[in-house]
Amino acid sequence: MQKNNYMEVTFPSLSVNEGFARVCVAAFCLQLNPSVDEINDIKTAVSEAVTNCVVHAYPKTSGGLINLKCETQGQMLIITVSDNGVGIKDIEKAREPFYTTKPSEERSGMGFAVMESFMDKVEVEKNDNKGTKVILYKRISRLQEQVKNA
Ligand SMILES: Nc1ncnc2c1ncn2[C@@H]1O[C@H](COP(=O)(O)OP(=O)(O)O)[C@@H](O)[C@H]1O
Ligand SMILES: [Mg+2]
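Residues take numbers from 1 onward in each chain, read along the sequence in its written order. Just so you know, chain letters begin at A and ligand numbers begin at 1, following the order they were written in. Two thresholds apply to this predicted model, a pLDDT of at least 70 for residue-level local features and 80 or more for giving and counting side-chain atom pairs, whereas whole-chain, interface and lining totals are computed over all residues. To get the side-chain values, all heavy atoms of the structure are used, and hydrogens and water are removed first.

Chemist: Lay out the site of ligand 1 with the relevant residues and their values.
Modeler: Note on definitions. A residue lies near a molecule or strand when any single heavy atom of the residue is within 4 Å of it. Taken together, 18 residues sit near ligand 1, with Asn52, His56, Thr100, Thr101 and Gly109 positioned nearest. Thr101 has a polar side-chain atom sitting 2.5 Å from an oxygen atom of ligand 1. In protein, a polar contact means a hydrogen-donor-capable atom and an acceptor-capable atom, both N or O and within 3.5 Å, with residues adjacent in sequence counting only if both atoms are side-chain atoms; elsewhere, any N or O pair within 3.5 Å suffices. Separating an oxygen atom of ligand 1 from a backbone N or O atom of Gly109 is a distance of 2.8 Å. Areas reported as accessible are Shrake-Rupley estimates using a 1.4 Å probe. Residue values count occlusion only from the protein chains shown. In isolation ligand 1 offers 540 Å² of accessible surface; the protein chains occlude 95% of this area. Cavities and pockets were defined on a 1 Å grid built from protein atoms only: a cavity is a group of points that admits a 1.4 Å probe but offers it no way out, a pocket is an open group of points flanked by protein on both sides within 12 Å along at least five of seven lines, and a lining residue is one with an atom within 4 Å of any such point. Think of it this way: a molecule belongs to a cavity or pocket when more than half its atoms come within 2 Å of the grid points there. Assessed atom by atom at 2 Å from the grid points, ligand 1 resides in the largest pocket. For the purposes of this entry, the term helix denotes a DSSP run of H or I that reaches at least four residues, the term strand denotes a run of E that reaches at least two, and both are numbered from the N terminus. For the shell around ligand 1, the secondary-structure elements that each account for two or more residues are helix H2 (36–57) and helix H4 (111–118). If one sorts the elements of the shell around ligand 1 by residue count, H2 sits on top with four residues.

Right, dumping it as structure tokens:
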């Protein structure tokens, strides 16, 4: 069994960094031998979580920081996306499909629903100091490895 591993990176809340975050997580998770479908699922969920920080977390300021952590526990990939922004008043409500506080900006309100459908588990919490913490869990099948070693 492979040793557990982790990485952490912090970057400004700029929309250009959404692509960076996706690729960063995709590169990190390669060590678990994911399928192409699994990589795409993970990238989609990370995009939604990071976009939420960019769009919702720092509305009145010139921006803040986004922290991205990835961790492996066996074949489980755990991704934490956190910000120190305004936070979410009613987390349960925010997770409902089609709920958005920015309908005027043509947001679909489907971000959390997308994360849930592509990952095994999604936790949304208040960040320790201020802001929001989203934890995404995905168990990576070892099918690719089995095929390679067959
Ligand atoms: N990081 C965040 N900081 C503050 N509010 C957030 C954050 N992420 C999500 N939200 C709130 O949760 C709502 C639902 O998010 P989501 O399902 O991604 O829909 P959308 O982004 O399309 O509005 C957002 O409209 C926003 O009010
Ligand atoms: Mg969203």
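There's plenty left to go through after this.
Chemist: Report on the sheet that holds strand S1 (residues 5–12), specifying residues and quantitative values.
Modeler: Backbone-to-backbone hydrogen bonds join strands into a sheet, with any given pair of strands oriented parallel or antiparallel. A pair of strands is labelled paired if DSSP reports no fewer than 2 bridges between them. Strand order in the open sheet made by the five strands is S1-S2-S3-S5-S4, with antiparallel pairing throughout. In the strand order of this sheet, the two ends are held by S1 and strand S4 (121–126), each with one partner. Strand-to-strand twist of the sheet, defined as the mean angle between neighbouring strand axes without regard to direction, takes the value 15°. For S4 and strand S5 (residues 132–139), the ladder comprises six bridges, and the chain directions are antiparallel. By the bridge assignment, Glu123 is partnered in S5 with Ile135. Contacts were defined at the residue level, with two residues in contact if any of their heavy atoms lie within 4.5 Å. Fitted lines through C-alpha atoms give the axes, limited to the stretch in contact for helices. The angle between two N-to-C directions lies from 0 to 180 degrees. Each of S1, strand S2 (65–73) and strand S3 (76–83) is contacted by helix H1 (residues 16–29), which is oriented at about 170° to S1, the strand it contacts most.

Chemist: Summarise unusual backbone geometry; cite the residues concerned and give the values.
Modeler: In this structure, Asn33 takes a positive phi of about 55° despite not being glycine. Mapped onto the fold, Asn33 is located in the loop between H1 and H2. Note on exposure labels: buried denotes an accessible area under 20% of the residue type's maximum, exposed denotes more than 50%, and partly exposed covers the range between, all computed with a 1.4 Å probe on protein chains only. Asn33 gets classed as buried once you look at its relative accessible area, which sits at 16%. One non-glycine residue with positive phi stands out, namely Phe98, at about 70°. Within the secondary structure, Phe98 sits in the loop between helix H3 (91–94) and H4.

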